[in-house]
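Structural characterization, general
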Amino acid sequence: MAARLVKWCACLLREASLVAPAVAPVGRLRFTQVTPRTLTSSATSRSSHFPGSLSGLLEKEQVFATRPEQQEVDQLIQKATRPEELLELLNGGHCLQENHAALMLIQLSRLLSDKPEYKASLMQDARFQQLLQLVNGQIASVWHGPLVRLLRSLYALALPAACKELQSVEQEVRWRMRRLRYKHLAFLAESSATYMQERGSQELLAELLVHLERRWAEIEDGRMVVAMMAKTGPLSEPLMNRLEDKHVLDRAQTIPVPHLCNVLLAFAHLNFHPEREDQFFSLVHEKLGSALTGLHPALQVDVVWALCVLQQVQEAELQAVLRPDLHTHFLEGGSPKDQSTFQKLLHINASAQLEHPEYTGPHLPASALVPRLSALDRKVTPLQKELQDTLKGLLGGSSRGSFMVPTQYGWVLDAEVLLDSESQFLPPRDFVAPHLAPPSGSQPLPPGAKRLAFLRWEFPNYGSRSRDLLGRFALARRHVQAAGFLVVDVPYYEWLELRSEWQKGAYLKDKMRKAVAEELAK
Ligand SMILES: *[C@@H]1O[C@H](CO)[C@@H](O)[C@H](O)[C@H]1NC(C)=O
């Protein structure tokens, strides 16, 4: 798998360098610039998506109307924050053009993405049915980009498989398959393959895979590779085999280091482990051995961070970025990029400390940790607020728990509680707390006491349509555990199922009880 991937990347990058003036310098890839998402920041906007996720590519592809009255409708659609605002457009005397109905459905599905309870009532709404019919009547003139997004959106809205408007969109996609650009096909594969499987749209899926396989040479974007691999690889042997070659690792030797770094960063983002992991990483270490310290300092940090995420980092690599002459600059720098690099350095330091007991140094000086965890000023999400309120209710006293706890590992805990051996709450700040920034307290924990960390996982913390945490968040979870906490995970998809205050409280109590029971069973 790894060898195939490497070959694939090599082909791809060769193609890319023929087309584009230069391959984007690795250090400037968008995903290295994304504002750091810490544990608690868990960005609510989906626009900060990893670009390897193809949704990002298509969302950016705007469909601009040319005439002013159309532009006005475009804006109303884009700005709508409630389904009602969109449905009202239907009878508001607006002049709706060919793509408008499709854009409205796309926006509706976006607004309802985390509100499954509304989807059923939407189906009953006459205006929604009217909208479906409108789009059905215009389907042949909807542009390619909106068409594939429309299909994904209708799937996401959970329309019944027998819905004839949905079938007509599927049919239109099949007719246009040859004319769609590769990125449209890849987008469908990434965003909708699972839906197609679940709904029995096997023919469409099969055709899609055949086209992806035949036209793989049209891949024009390095970011696509990893997303495609992760999503479509398991569905299509031919697509992967297409690129299989006899003696291939030899060729991998000639892959330029910056390209290998890109692959590594993409893997780390998704927390993706290639099948022939050992071979792949021995190649990586071999190539980085001589080249790492020659890379741009921020890229060195990115690469070592990626290796930490993937649990592959070696002592020499840790040393390369934790030596003072490399990191001083980032500790002082104030730009968002420097801040993001600094935060990664904290994570790397934490990996050294928590996951590599044999590591002898250097480390980041403790003094580097001025509280600049900007995550603390971020907007509070609904899940965050509800979690805090519910937990405060259970604790029955503000000193019995801590909320939004910044740790020296560069992560912020949603909440921390301390339980004695009888599972009664103790005030955590009365006791030694080595994880804090700076560490505090001196009174040792009573025997049998347990520290629990609550970690909230929002929709954007997961890979697309999966329940696997993205690399950054998997790393956070691992560190918090290694620091001696019992982790209480609060994923958005479980929380959304809970209706009453009572249910929420019972859920948290149950989770705590399970975390303790699992620990005792060890
Ligand atoms: C880095 O790790 C060392 C060793 O565990 C620790 O003493 C130091 O405080 C850490 N630095 C920061 C900035 O957290």
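Residues numbered from 1 in each chain as written. Predicted model: local features only at pLDDT ≥ 70, side-chain atom pairs only at ≥ 80, totals over all residues. Heavy atoms only, no water.

Going by the annotation in an unreviewed UniProt entry, the name recorded for the protein chain is FAST kinase domain-containing protein 4, with Odobenus rosmarus divergens given as the source organism. Under Function (unreviewed entry), UniProt gives the following word-for-word description of the protein chain: "Plays a role in processing of mitochondrial RNA precursors and in stabilization of a subset of mature mitochondrial RNA species, such as MT-CO1, MT-CO2, MT-CYB, MT-CO3, MT-ND3, MT-ND5 and MT-ATP8/6. May play a role in cell cycle progression." Listed under Subcellular location (unreviewed entry) in UniProt, the entry text for the protein chain is "Mitochondrion matrix". (UniProt positions renumbered as here; feature names shortened; annotations may be inferred.)

The next subject is the overall build of the protein chain. Regarding its fold elements, the protein chain presents 25 helices and 5 strands. In the protein chain, buried positions account for 55% of the 522 residues. Across the protein chain, the fraction of contacts at a sequence separation of at least 24, relative to all contacts at a separation of at least 6, is 73%. With the model as given, the accessible surface of the protein chain reaches about 23500 Å², and the carbon-plus-sulfur share is 53%. (Helix = DSSP H or I, 4+ residues; strand = E, 2+ residues; numbered from the N terminus. Buried < 20%, exposed > 50% of the residue type's maximum accessible area, 1.4 Å probe, protein only. Contact = heavy atoms within 4.5 Å. Areas by Shrake-Rupley, 256 points an atom, 1.4 Å probe, with all protein chains shown as cover.)

Leu346, Asn349, Gln353, His363, Leu364, Pro365, Ala366 and Gln408 make up every residue found near the ligand. With respect to the ligand, the side chain of glutamine 353 contributes an N or O atom lying 3.2 Å from an oxygen atom. A total of 360 Å² of accessible area belongs to the ligand in isolation, and the protein chains cover 77% of it. Split by residue class, the shell around the ligand holds 4 nonpolar, 4 polar and no charged. (Near = heavy atom within 4 Å. Polar contact = N/O pair within 3.5 Å; in protein donor to acceptor, adjacent residues only side chain to side chain. Nonpolar A, V, L, I, M, F, W, Y, C, P; charged D, E, K, R; others polar.)

A separate point is the packing of aromatic side chains. The final tally for this structure, using the stated rule, is 10 aromatic pairs. Note on phenylalanine 267 and phenylalanine 272: the rings are 5.1 Å apart at their centroids and 55 degrees apart in plane angle, and the pair reads as tilted. When the ring of tryptophan 457 is compared with that of phenylalanine 473, the centres are 6.3 Å apart and the planes differ by 75 degrees; the resulting orientation is edge-to-face. Here phenylalanine 473 lies in helix 23 (residues 471-482) and tryptophan 457 lies in strand 4 (residues 450-457), a separation of 16 residues in the sequence. Residue classification places tryptophan 457 among the buried residues on the basis of a relative accessible area of 1%. A connected cluster of aromatic rings, assembled from ring pairs, spans Phe267, Phe272, Phe280 and Phe281. Over the face of the ring belonging to tryptophan 305 we find lysine 344, whose NZ or CZ atom lies 4.7 Å from the ring centre. Above the ring of tyrosine 493, the side-chain terminus of arginine 467 is found at 3.8 Å from the ring centroid. (Phe/Tyr/Trp six-rings, centres within 6.5 Å; stacked < 30°, edge-to-face > 60°. Lys NZ or Arg CZ within 6 Å of the ring centre and 35° of its normal.)

The next subject is the environment of lysine 509. Of note, lysine 509 is situated in helix 25 (residues 501-521). What makes lysine 509 exposed here is its relative accessible area of 51%.

So, about the packing of helix 19 (residues 315-322) against helix 20 (residues 324-332). Where helix 19 contacts helix 20, the axes come no closer than 5 Å and their chain directions differ by 50 degrees. For the element pair helix 19 / helix 20, the angle class is oblique. Residues Ala320, Val321 and Leu322 of helix 19 touch helix 20, and the partners they reach there are Pro324, Leu326 and His327. In terms of residue class, the contact of helix 19 with helix 20 is built from 5 nonpolar, 1 polar and no charged. (Axes fitted to C-alpha atoms, helices over the stretch in contact; angles between N-to-C directions. Parallel < 35°, antiparallel > 145°, perpendicular 65-115°, else oblique.)

Helix 12 (residues 202-214) packs onto helix 10 (residues 164-176) with a crossing angle of 25 degrees between their chain directions and a minimal axis gap of 11 Å. For the element pair helix 10 / helix 12, the angle class is roughly parallel. For the crossing formed where helix 10 meets helix 12, the hand is left-handed. Of the residues in helix 12, those touching helix 10 at Glu170, Val173 and Arg174 are Glu203, Leu204 and Glu207. Among the residues forming the contact of helix 10 with helix 12, the class breakdown is 2 nonpolar, no polar and 4 charged. (Left-handed = near helix turned anticlockwise from the far one by under 90°.)

Here we come to the nonpolar core. In terms of nonpolar packing, the biggest core is built from 53 residues, with Leu105, Phe128, Leu150, Leu151 and Leu154 touching the most fellow members. The leading source of residues in this core is helix 11 (residues 182-199), at 9 residues. If we ignore the near neighbours within four places in the chain, the residues touching leucine 105 are Phe128, Leu131, Leu132, Val135, Leu150, Ser153, Leu154 and Leu157. Of all hydrophobic cores here, the second largest spans 50 residues; its members include Phe280, Ala298, Leu307 and Leu354. (Core = buried A, V, L, I, M, F, W, Y, C linked by side-chain atoms within 4.5 Å.)

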